[in-house]
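Take a look at the letters that make up each chain.
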Amino acid sequence: MHDFSIYGCDRSAATSSKLSGGGVILAVRNTLSSHMLTVPICGTEYVFAACVAASRRILIGCAYIPPSQPTNVYSSFCDAVDEVIVSFGFYDNVILLGDFNLPDADWSSPDVLYAGDASSYLRNLAATHNLTQINTVPNYRGVFLDLFFSSVPVSDVASAEETLVLEDRHHPSLSFSILAKRSADTAASGYVLDFRRCNLDAIYRATQGLDFPLPNSCSNADVDFDKFCNHLKLVRQNTPLKKVCSNSFPKWFSKGLVRLTIMKKIAHIKFKANGIVSYLDEFRNLRAQCKCLAKVCLTNYLKKIEDDIPSNIKSFWSHVNSLKKNPPIPSCLHFDTREAGSAADRCNLFSDYFSSVFNDAAIHIPDFDFGWNTSISTCSILPTDVQRRLESLDHNKGPGPDDIPPIVLKYCANTLAPHFAILFSTLLAQGVFPSALKSGFVFPFLNLVIVAT
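Residues numbered from 1 in each chain as written. Predicted model: local features only at pLDDT ≥ 70, side-chain atom pairs only at ≥ 80, totals over all residues. Heavy atoms only, no water.

Caption draft 1: Structural context of the overall build of the chain. Counting secondary structure elements, the chain contains 13 helices and 14 strands. Residue pairs in contact within the chain that sit at least 24 positions apart in sequence constitute 65% of those at least 6 positions apart. Of the roughly 28,600 Å² of accessible surface on the chain, 56% is carried by carbon and sulfur atoms. (Helix = DSSP H or I, 4+ residues; strand = E, 2+ residues; numbered from the N terminus. Contact = heavy atoms within 4.5 Å. Areas by Shrake-Rupley, 256 points an atom, 1.4 Å probe, with all protein chains shown as cover.)

Here is the structure:
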């Protein structure tokens, strides 16, 4: 099984006094990103692993509980599941399966609780995390020892056509498939370039190896400038990616506050499921802790934003935008009978809308004599001037559509300045504005009108 990552838990004296059998193993194909999760709760044989499929975080738990075990063994397993979810965060899907050895439990009525019955712990666990027992394949005695709890739609559980080991008639081999469909929030998740961690030294060495353009050989300055910008795509090659996704918690929540909030939700769900007063007391205690910690986290967050205003105004506006329930620009704009969804189409729609105030008629421009013969086409740009401008850039600003951030231009100012000086001088001489600089990000300030039209 060299194509799989293997996670397991062997039998020990701490989990069972039996000498034969036991232990659990979980194999995840290496094409899926996965890792094992450990919790400091003993009492049963279990293994947990987290994997990512179709951009969804899936928690998989596998357990074996020997026959005729006391109820505290099942309670320990349920506590371990709660601890995994609280410690490592919520998952898009949760799957729990294994041999639980509960032949007398009736899973056709999952809402029925049996006081003192071991299955009541699993039923409460399922109710807490929105799980459903979906195994409908009994063993040869017509009972269900192997259970399958899932929070994600699956195909019907059926007897497996192929088995890894010799099949036990008490435990028929099972087969199933899950629907790992991207949710709307997950589909919006993606990867962006993390320019704060780009390899500036590697980019600097690469720019040192670029050939200087020859001023007299630039027959088409626009084409030469575009080629030079393409060379600067080496910035992307030396910049790592970071994942961005929507967060269900506010930005100012600390990890401790997130953990307390999750624990509070679990305690509330447990109380609603069975009405035990101890869960209500736990919920009230956690709610009080959340309120106190939330005040501290929010105060520290706002103070940090205020302190960063002189040096990094971007954090302030990021906070302002996070308070808005809806984006300032809708994903789809309409003008007359036209509809625009992409960024370029929306810009063109704005252009057509505001072009109505311009007059296309030809205007005669008189000749002016200012007493000198100098024109903009005779101006030359010195490398020292360009370098000084590049070094004055604000490295906290973001990049434009070309994905070249100011921090790179500032760091490589002395190597890029001669190139820009020659190219800009040639562009002025030929009276050309480079096409590569005609694209940019547009952020309109909207009045109090319906923004969709």
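Caption draft 2: Here's a closer look at the packing of helix H7 (residues 255-274) against helix H8 (residues 277-308). Close contact between H7 and H8 brings their axes to 9 Å; oriented N to C, the two are set at 155°. By the angle between their directions, the pair H7 and H8 is classed as roughly antiparallel. When the axes of H7 and H8 are compared, the crossing they make is left-handed. Contacts from Gly256, Leu257, Leu260, Thr261, Met263, Lys264, Ala267, His268, Lys270, Phe271 and Asn274 of H7 reach H8 at Tyr279, Leu280, Glu282, Phe283, Leu286, Arg287, Gln289, Cys290, Leu293, Ala294 and Cys297. Here the residues of the contact of H7 with H8 are counted per class, giving 13 nonpolar, five polar and four charged. (Axes fitted to C-alpha atoms, helices over the stretch in contact; angles between N-to-C directions. Parallel < 35°, antiparallel > 145°, perpendicular 65-115°, else oblique. Left-handed = near helix turned anticlockwise from the far one by under 90°. Nonpolar A, V, L, I, M, F, W, Y, C, P; charged D, E, K, R; others polar.)

Caption draft 3: Just the packing of helix H2 (residues 119-128) against H7, in detail. At a minimum axis separation of 9 Å, H2 and H7 run at an interaxial angle of 125°. Taken together, H2 and H7 sit at an angle that is classed as oblique. The two elements H2 and H7 meet at a crossing, and its hand is right-handed. Mapping the contact onto sequence places Asn124, Ala127 and Thr128 in H2 and Ile266, Ile269, Lys270, Ala273 and Asn274 in H7. Tallied by class, residues from the contact of H2 with H7 come to four nonpolar, three polar and one charged.

Caption draft 4: Looking closely at a positive patch on the surface. A surface patch of like charges, here positive, comprises Arg196, Lys242, Lys314 and Lys397. With respect to the helices and strands, the residue Arg196 is situated in the loop between strand S11 (190-193) and helix H4 (200-208). For Arg196, a relative accessible area of 62% corresponds to the exposed category. (Patch = residues over 30% accessible without salt bridge, like charges linked within 9 Å, V, L, I, M, F, W, Y side chains within 5 Å. Salt bridge = Lys/Arg side-chain N within 4 Å of Asp/Glu carboxyl O. Lys, Arg positive; Asp, Glu negative; His and termini not counted. Charge placed at Lys NZ, Arg CZ, Asp CG, Glu CD. Buried < 20%, exposed > 50% of the residue type's maximum accessible area, 1.4 Å probe, protein only.)

Caption draft 5: Molecular detail of empty space enclosed by the protein. Taken as a whole, this structure holds one cavity of 30 Å³ or more when the rule is applied. Its boundaries defined by the atoms lining it, the largest cavity holds a volume of some 40 Å³. In this structure, the largest cavity is lined by Asn135, Val137, Pro138, Asn139, Val143, Phe144, Leu145, Asp146, His170, Pro172 and Leu174. (1 Å grid on protein atoms, 1.4 Å probe; cavity = no way out; pocket = protein on both sides within 12 Å on 5 of 7 lines; lining within 4 Å. Points joined across faces, edges and corners; volume = space filled by probe spheres on them.)

Caption draft 6: Quick look at the sheet that holds strand S6 (residues 93-99). One open sheet accounts for six strands, arranged S3-S4-S5-S6-S8-S7; its pairing is mixed. Strands with a single pairing partner mark the edges of an open sheet, and in this sheet they are strand S3 (33-37) and strand S7 (132-133). Pairing geometry for strand S4 (residues 45-53) and strand S5 (residues 56-64), over nine bridges, is antiparallel. Bridged to Ala53 within S5 is Arg56. Contacts between helix H1 (residues 71-88) and the sheet are confined to S3, S4, S5 and S6, with S4 contributing the most and set at about 35° to the helix. (Pairing = 2+ DSSP bridges.)

Caption draft 7: How the structure looks around a nonpolar patch on the surface. Nonpolar side chains collect at one region of the surface, where Ile365, Phe368, Phe370 and Trp372 lie side by side and expose about 550 Å² of accessible area between them. Position of Trp372 relative to the elements: it lies in the loop between helix H10 (343-354) and helix H11 (383-391).

Caption draft 8: Representation of the nonpolar core within the structure. Among the nonpolar cores identified, the biggest contains 30 residues, and Phe48, Phe77, Phe100, Leu122 and Phe149 are the most heavily contacted of them. Among the secondary structure elements, those contributing two or more residues to this core are S4, S5, H1, S6, H2 and strand S8 (146-150). Top element by residues in this core is H1. It accounts for eight residues. Apart from the residues lying within four places of it in its own chain, the contact partners of Phe100 are Ala63, Ile65, Tyr74, Phe77, Leu122, Leu145, Leu147 and Phe149. The next biggest cluster of nonpolar side chains, apart from the first, holds 26 residues, and it includes Phe195, Phe228, Cys229 and Ala417. (Core = buried A, V, L, I, M, F, W, Y, C linked by side-chain atoms within 4.5 Å.)

Caption draft 9: Up close: the packing of aromatic side chains. This model, assessed by the stated rule, comprises 14 aromatic pairs. Ring geometry for Phe350 versus Phe354: centroids 6.3 Å apart, planes at 10°, classification stacked. Of this pair, Phe350 and Phe354 both sit in helix H10, four residues apart, which is roughly one turn of the helix. The exposure class of Phe350 is partly exposed, given its relative accessible area of 25%. Looking at Phe354, the relative accessible area reads 48%, which means it is partly exposed. Here the aromatic cluster, defined as three or more aromatic residues joined through ring pairs, consists of Tyr46, Phe48, Phe77, Phe100 and Phe149. (Phe/Tyr/Trp six-rings, centres within 6.5 Å; stacked < 30°, edge-to-face > 60°.)

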